[in-house]
Amino acid sequence: MTATKTSSEGTASAPETAGLIPMNSPTYIDAANFLFTEADLLDELQYDAWLALLAEDLRYTVPLRQTRSRADQAQSVVRTMKHFDDNYLSIKARIDRLNTNSAWAEDPPSRTRRFVSNIRVYTTDVATELAVKSYLLLSRNRYEHSSMMFISGVRHDRIRRHGEGFKLVSRDVIIDQSVLGMPNLGVFL
Amino acid sequence: MKPDAFCLSDGTTLDALINTDTREVSMRVLSDAEIYNLEMDRIFGKAWIVLAHASEIPNPGDYVTRDLGQDPVIVTRDKDGRIHVSLNICPHRGMRVCTAEAGNTGIHRCNYHGWAFRSDGSFVGAPVEREKMHGDVFAKESLGLVKARVSLYGGLVFATWSHDGPTLEEFLGDVKFYYDMLFCRTDSGLEALGPPQRVLINANWKTAGEQSCVDGYHTISLHRYLLDIGQYGGIGDEVYANAPAMYGVDIGTRQGHGLRCIPPENTFSAIMGGRLDGLTPDERLKILPPPGITPNLLPQLRKHLSDEQVRLLAEAPPQAGGFFPNILWVFIYAPNAEGEFVGALGLHSFVPRGPDHFEFYTWFFVEKDAPEDTKQKMLAMSIFYMGSSSTIEQDDSDTWPHMSSNAKGPQGRKQTLKYGALVGENKPQGWPGGGFVYEGFSKDDNQWQWWLAYRDYMLAGKTS
């Protein structure tokens, strides 16, 4: 009766090299531009435009992190318990909430900046889909606080060609905090 | 007045902080360091506090680290399956013995000088045995980790530093009748879906703690988005007329625990005005089982609960409540994005971290014997409504810090929290449970009982 099933996905693993697309390739540049565009939309509070970039079969997950010994690093990412466990409809419901006049936790809105770096793009077994790994540093400021709140993590995305651009098919964010340093995740990662 | 055990250093007496005539609480309590330090001794040093769920540490040697009040502890399961709570402080030189949040080991060895302790906290020994490095002042048997008193209820691991105070049963008192419907209703009971989410909030623990006795009224304003999107009791102005989830039965107790029992037809648009009147409890339960109960588990309810409990569970299930001083549970059902009614079972702890900070813990539960597919849906549903990213509670976590910071100014600290609107005890005829029962609109009765319990702890031992 183990209550805490865990997985080592996305952490403590050697960098993947199979299928890695060179940084000077047009595919890499397209994928990086997609990440920059969606970061821009979220920072500018353009939630409906961001929603339009999400595939309807979306999986959006943020597992818990725990402080574990080096020998138990595989258990540092906890997947039986999460911060987000969403699909397209639940993300849409979150955006419907933000579009009401009573989503107080983000009204007045936080000022956010999503710094996306260390982008690696991989081919996948689906010709129209790419796997993209990126680092995220999100800064968030609320009210007249002089101090900034931060969250950092690595994102494992899957994006699918759609017309001239892409849609986000899955996002799994491995965050670096066991105890979150912001009062809530009222912002998307 | 001279400072003493019941008087602060500026001459304010502790009983002046809570005005029982006008039912006001001085806002000073939401940020004052001196008051906070007294609370750590008088409340968190005395009350039973929830630290974990037994299903988090199922195997011998399993442990998690938590905090009992502001003190770090290790919650362990020993080789015989018993659960222990020990201070995570090495008696040698004060180092933290266990540095991970969870793991499995038979021996906890301090990194600093290597003193070692068993899962039950007892001292194994200090390295270089022949040199007797534990010294000749204290007997070896006396050098174990400091132990808290432990008791389990419905799988919840409670601990207290008070070894001669009330038993857990006495501490729970009248709420046990109600909470058995949630925590003790099936053969295998609840299991935690994993360790708790943890979030640091820049606010005093009581900003959230006084909600733990259930502030029904805030829902209609702070969580107004629920009404604006139309799933709860209509849209627009009809929302205030319907006042979804506002009418039910609140139950408070002298111990400060309290809960709300809410008929589901008073909450959700989808079933408001539906014909549930005249149905037997079993017919009702078949249409809408209590949150977290699946059809395969329904027959088990009658095995563990009395007829009266089953009837209450069918007609007005407990949907939110708490354990004094710092635990809030929410057992709700709600439609998910696909329109299915899914249960969400969550429990929060507001762990004090100084006068202006607390940690907001969130556990999610499922019935251990629920189908796997149900468990996955409940996880997603619970996350959507409770905890770090939740659409409801992110509004609470953005509110609490304002209250603490407002309690700092020379004017702010003199202001009061007001509990002026009471229903008054009006226990319905034939009501099966104990406690102070308030039927009708959810008013301030319950939270006022929470503050009276707070006052009892802070003034314990005062003679005049």
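What counts and how
Every chain is numbered on its own, with residues counted from 1 as its sequence reads. Here the convention is simple: chains get letters from A, ligands get numbers from 1, in the order in which they are written. It should be noted that, the model being predicted, local features are given only for residues of pLDDT at least 70 and side-chain atom pairs only at 80 or more, the latter also being counted only at that level, while totals for whole chains, interfaces and linings use all residues. The side-chain figures draw on all heavy atoms in the structure; neither hydrogens nor water molecules are used. The secondary structure listing takes helices from DSSP runs of H or I that are at least 4 residues long and strands from runs of E that are at least 2 residues long, numbered from the N terminus. Each radius of gyration is computed over the set of C-alpha atoms, and the globule rule expresses the reference value as 2.2 Å times the number of residues to the power 0.38. Think of it in three bands: with a 1.4 Å probe and only protein chains considered, a residue is buried below 20% of the maximum accessible area for its type, exposed above 50%, and partly exposed in between. Strands qualify as paired when DSSP identifies two bridges or more between them. Axes, fitted as lines to C-alpha atoms, cover a helix only where it is in contact. Angles between the N-to-C directions of the axes lie from 0 to 180 degrees. Working rule for contacts: check all heavy atoms of both residues, and any pair within 4.5 Å makes them a contact. When a carboxyl oxygen of Asp or Glu lies within 4 Å of a side-chain nitrogen of Lys or Arg, that pair is called a salt bridge. In protein, a polar contact means a hydrogen-donor-capable atom and an acceptor-capable atom, both N or O and within 3.5 Å, with residues adjacent in sequence counting only if both atoms are side-chain atoms; elsewhere, any N or O pair within 3.5 Å suffices. Here, nonpolar core means buried Ala, Val, Leu, Ile, Met, Phe, Trp, Tyr and Cys residues that are tied together by side-chain atoms lying within 4.5 Å of each other. For each domain, the first and last residues come from an automatic or database assignment. Counted charges follow a simple rule, with Lys and Arg positive, Asp and Glu negative, and His plus the chain ends left uncounted. Note: buried area is the sum, over both parts, of the accessible area (probe 1.4 Å) each one loses when the two are combined.

Participant: Would you mind going over the overall build of chain B with me for this structure?
Facilitator: What chain B contains, in helices and strands, is 13 helices and 22 strands. For chain B, whose C-alpha radius of gyration is 23 Å, the value lies close to the compact-globule estimate of 23 Å for 464 residues. Principal-axis analysis of the C-alpha atoms places the extent of chain B at approximately 80 × 60 × 40 Å. Per-residue burial for chain B yields a buried fraction of 60% across its 464 residues.

Participant: Just checking my understanding: could you explain the sheet that holds strand 2 (residues 77-87) of chain A for this structure?
Facilitator: Whenever strands of a sheet pair, they do so through backbone hydrogen bonds, lying parallel or antiparallel. Residue and element names in this part refer to chain A. An order of 2-1-6-5-4-3 is seen for the six strands of this open sheet, with the pairing classed as mixed. Both edges of this open sheet fall to strand 2 and strand 3 (111-123), since each of them pairs with a single strand only. Between one strand axis and the next, the sheet turns by 25° as a mean value, whatever way the strands run. As paired strands, strand 3 and strand 4 (residues 129-141) are joined by eleven bridges and run antiparallel to one another. Bridging from a neighbouring strand, Arg120 pairs with Lys133 of strand 4. Against the sheet, helix 1 (residues 26-43) engages strand 3, strand 4, strand 5 (149-162) and strand 6 (165-175), with an angle of about 160° to strand 3.

Participant: What is the right way to look at the sheet that holds strand 10 (residues 123-125) of chain B in this model?
Facilitator: All names here are of chain B. Strands sit in the order 8-9-10 across an open sheet of three strands; the sheet is antiparallel. Across the chains shown, the open sheet's two edge strands, defined by having one partner strand only, are strand 8 (107-109) and strand 10. For this sheet, the mean angle separating the axes of adjacent strands, direction not counted, is 35°. Two strands pair when backbone bridges link them, and strand 9 (residues 116-118) and strand 10 are joined in this way by two bridges, in the antiparallel orientation. In the strand pairing of strand 10, Ala116 is matched with Gly125.

Participant: I tried to follow the pattern of salt bridges on my own but got confused; where do I start?
Facilitator: Once their charged atoms are close, side chains differing in charge can pair, the charge on each being opposite to the other. Residues and elements named next belong to chain A. Here the structure, examined in full by the defined rule, presents 46 salt bridges over all chains. Here Arg140 and Glu106 are joined by a salt bridge, their closest N and O atoms 2.8 Å apart. One end of the pair, Arg140, is in strand 4; the other, Glu106, is in the loop between helix 3 (88-98) and strand 3, and 34 residues separate them in sequence. Judged by relative accessible area, Arg140 falls into the buried class, the value being 1%.

Participant: How should I be thinking about the side chain of Ser397 of chain B in this particular structure?
Facilitator: If you trace the backbone, Ser397 of chain B turns up in helix 12 (residues 393-406). Among the polar contacts listed, one links the side chain of Ser397 of chain B to the backbone oxygen of Pro183 of chain A, at a separation of 3.2 Å. The residues touching Ser397 of chain B, leaving out its near neighbours within four places in the chain, are Pro183 and Asn184 of chain A together with Ile201 of chain B.

Participant: Explanation requested: the nonpolar core in the structure shown.
Facilitator: Nonpolar side chains tend to gather and get buried jointly when the protein is soluble and globular. With 172 residues, the main nonpolar core has Leu189 of chain A together with Phe158, Phe183, Phe323, Tyr385, Trp451 and Tyr454 of chain B as its most contacted residues. No fewer than three residues from each of domain 1 (49-161) and domain 2 (173-460) of chain B sit in this core. Here Trp451 of chain B is in contact with Ile18, Val25, Val29, Lys206, Glu210, Leu417 and Tyr419 of chain B, once residues within four sequence places are set aside. Counting 13 residues, the second largest nonpolar core, distinct from the first, contains Tyr63, Cys110, Leu143 and Leu145 of chain B.

Participant: Can you walk me through the interface of chain B and chain A in this structure?
Facilitator: Interface extent is often summarised as the accessible area lost during association of the parts. The interface of chain B with chain A comprises 45 residues on the first partner and 41 residues on the second. Linking chain B with chain A are two salt bridges, by the criterion used here. The interface formed by chain B and chain A includes 27 residue pairs in polar contact (both at pLDDT 80 or more). Of all the secondary-structure elements, those providing two or more residues to the side of chain B that touches chain A are strand 7 (102-104), strand 14 (197-201), helix 5 (219-222), helix 6 (224-228), strand 20 (358-367), helix 11 (372-385) and helix 12 of chain B.

Participant: Would you take a moment to explain the side chain of Arg77 of chain B for this structure?
Facilitator: Residues and elements named next belong to chain B. With respect to the secondary-structure elements, Arg77 resides in strand 5 (residues 71-77). Despite its burial, Arg77 remains without a salt bridge, the nearest opposite charge being carried by Asp62 at 6.0 Å. Setting aside chain neighbours within four positions, we find Arg77 in contact with Ala54, Ile57, Pro58, Asn59, Pro60, Gly61, Asp62, Arg82, Ile83 and Ser119.

Participant: Got a minute to help me understand the domain arrangement of chain B in this structure?
Facilitator: Residue and element names in this part refer to chain B. Splitting chain B by domain gives domain 1 (49-161) and domain 2 (173-460). Between domain 1 and domain 2, the C-alpha centre-to-centre distance is 33 Å. The interface is formed by 16 residues belonging to domain 1 together with 25 residues belonging to domain 2. Buried surface at the junction of domain 1 and domain 2, summed over both partners, amounts to about 1500 Å²; 63% is from carbon and sulfur atoms. Where domain 1 touches domain 2, the interface holds two salt bridges. Between Glu101 and Arg198 there is a salt bridge, with the nearest N and O atoms lying 2.9 Å from each other. At the boundary of domain 1 with domain 2, the tally comes to five residue pairs in polar contact (both at pLDDT 80 or more). Listing elements by their share of the side of domain 1 that touches domain 2, those giving two or more residues are strand 3 (49-53), strand 4 (62-68) and strand 12 (156-160). Of the residues forming the side of domain 1 that touches domain 2, the biggest block, five residues, is contributed by strand 3.

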